[in-house]
Amino acid sequence: KLPYICPVDHYLDPAQLAQSPFAHRERSFFSNNRTPPELWAARTTVLPCNASAGCNATSGGGHPSIYLSINPSAAALRAALGRATAQVLHFDDVRQAFGSFDSAAQAKQWHSEAQQLLSTWCCTAEPAFKRIAGLVPFLLPPHPSQSHWAGNPWLTWAAVALAEAFTLAGDPTTAAGFNASLMHTN
């Protein structure tokens, strides 16, 4: 059951990630001897903030901090982080750092681009997955702010097949999640 600590190449395709427009670094980047230590030292820390507590940028711990409202929209996130001048933004916890997309089109574009990075699970003898040699594609679920799956229509078959597989495996809750999200697919 997710979330659990898992190497990135277990769910993201390293070759696709390398070709993607998404900037990324290996997990050990800041402990690598080739990375200048001043890069980490000059970071800005992004902290979650309950708006009722009063949130102001501070300079605690020798480096600046930015307080970010909990679950901001994409526009609010850009506005809050756009004023940062540091090359490194450090999030102690990113789970409440994004709340919603600004439009359905933006959500669809993000899902399409992110889905291309996801890997597959190998292998199954389930007939529904023979079309891709028994590979089971990981599907990006709807973001909590969305009422439905915004993935690529060409993967609808996989979502249907996974719902059926979870039903047969005696997990109707997971199957219902796939079915409910698919009811809104265009």
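See the structure printed just above.
A few points on the structure. (Residues numbered from 1 in each chain as written. Predicted model: local features only at pLDDT ≥ 70, side-chain atom pairs only at ≥ 80, totals over all residues. Heavy atoms only, no water.)

Ordered in space as β2-β1-β3, the three strands form an open sheet in which the pairing is parallel. Both outer strands of the open sheet, β2 (65-69) and β3 (89-91), are each paired with one neighbouring strand and no more. Geometrically, the sheet is characterised by an average inter-axis angle of 35 degrees between neighbouring strands, direction not taken into account. Pairing of strand β1 (residues 44-49) with β2 involves five bridges; the strand directions are parallel. Bridging from a neighbouring strand, C49 pairs with S69 of β2. (Pairing = 2+ DSSP bridges. Helix = DSSP H or I, 4+ residues; strand = E, 2+ residues; numbered from the N terminus. Axes fitted to C-alpha atoms, helices over the stretch in contact; angles between N-to-C directions.)

With omega at -5 degrees, the peptide bond leading from C122 into C123 counts as cis. Relative to the elements of secondary structure, C123 occurs in the loop between β4 (120-121) and β5 (136-137). Residue A133 is not a glycine yet carries a positive backbone phi of 60 degrees. Its place among the elements puts A133 in the loop between β4 and β5.

Its location among the elements puts F30 in the loop between α1 (14-19) and α2 (37-41). For F30, a relative accessible area of 37% corresponds to the partly exposed category. Put simply, F30 and W40 are ten residues apart on the chain and 6.7 Å apart in space, counted from C-alpha to C-alpha. (Buried < 20%, exposed > 50% of the residue type's maximum accessible area, 1.4 Å probe, protein only.)

Here the focus is the pairing of β1. With three bridges connecting them, β1 and β3 associate as parallel partners. Paired with V46 across the two strands is F91, which belongs to β3.

In this structure, F129, V136, L139, L155, W157, A158, A159, A161, L162, A163, F178 and L182 together form the largest nonpolar core, which totals twelve residues. When residues of this core are traced back to their parent elements, those giving at least two are α5 (156-168) and α6 (172-182). For this core, the leading source of residues is α5, giving six residues. One finds V46, I66, L68 and A80 within the second-largest nonpolar core, a separate group that totals seven residues. (Core = buried A, V, L, I, M, F, W, Y, C linked by side-chain atoms within 4.5 Å.)

Here Q115 shows up in helix α4 (residues 104-115). By relative accessible area, Q115 is classed as buried at 6%. A distance of 2.6 Å separates a polar atom in the side chain of Q115 from the backbone oxygen of F138. Residue contacts for Q115: discarding those within four places in its chain leaves F138, L139, L140 and L155. (Polar contact = N/O pair within 3.5 Å; in protein donor to acceptor, adjacent residues only side chain to side chain. Contact = heavy atoms within 4.5 Å.)

Our focus in this paragraph is the packing of aromatic side chains. A complete count under the given rule lists five aromatic pairs for this structure. One Lys or Arg, R131, reaches over the ring of W157 and ends 4.2 Å from the middle of that ring. (Phe/Tyr/Trp six-rings, centres within 6.5 Å; stacked < 30°, edge-to-face > 60°. Lys NZ or Arg CZ within 6 Å of the ring centre and 35° of its normal.)

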